[in-house]
Amino acid sequence: MKKEWILNLLMRSILGVIAIYFINVVLEGRGIDPGVGINICTVLTSGILGIPGVAALYGIGFYKIL
């Protein structure tokens, strides 16, 4: 049971980092600074919350722009 939870967290974290990287590349290509970097906080957020966590990170980033 614990191995499944750790594997799930690891896979979500890896996919979250990949998603953050590609979203940052697309946004920077359009001239928008998203303000979401890849660090331990963003990796854990995407690992624990998944795609909604990545969306929340970008929501907070865009809220800071306003």
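Residues numbered from 1 in each chain as written. Predicted model: local features only at pLDDT ≥ 70, side-chain atom pairs only at ≥ 80, totals over all residues. Heavy atoms only, no water.

1. A look at helix α3 (residues 51–65)
Okay, step 1: When the terminal C-alpha atoms of α3 are compared, their 21 Å separation across 15 residues agrees well with the 21 Å that a helix rising 1.5 Å per residue should span.
Okay, step 2: Looking at α3, one finds that the buried residues are G53, V54, L57, Y58 and G61. Looking straight down α3, one finds its buried side chains confined to an arc of 140°; they lie on one side. For α3, the exposed residues lying more than 90 degrees away from the buried face are I51, P52, A55, I60 and Y63.
Okay, step 3: Elements in contact with the buried residues of α3: α1 (2–29) and α2 (40–49). (Helix = DSSP H or I, 4+ residues; strand = E, 2+ residues; numbered from the N terminus. Expected span 1.5 Å × (residues − 1). Buried < 20%, exposed > 50% of the residue type's maximum accessible area, 1.4 Å probe, protein only. Arc of directions from axis to C-beta. Contact = heavy atoms within 4.5 Å.)

2. Topic: the packing of aromatic side chains
Okay, step 1: For the structure shown, the criterion picks out two aromatic pairs.
Okay, step 2: Pairing Y21 with F22 gives two aromatic rings, centres 5.3 Å apart and planes at 75°, and the pair type is edge-to-face.
Okay, step 3: When its relative accessible area of 47% is taken as the criterion, Y21 is described as partly exposed.
Okay, step 4: When the ring of Y58 is compared with that of F62, the centres are 6.4 Å apart and the planes differ by 35°; the resulting orientation is tilted. Of this pair, Y58 and F62 are both found in helix α3, four residues apart, which corresponds to roughly one turn of the helix. (Phe/Tyr/Trp six-rings, centres within 6.5 Å; stacked < 30°, edge-to-face > 60°.)

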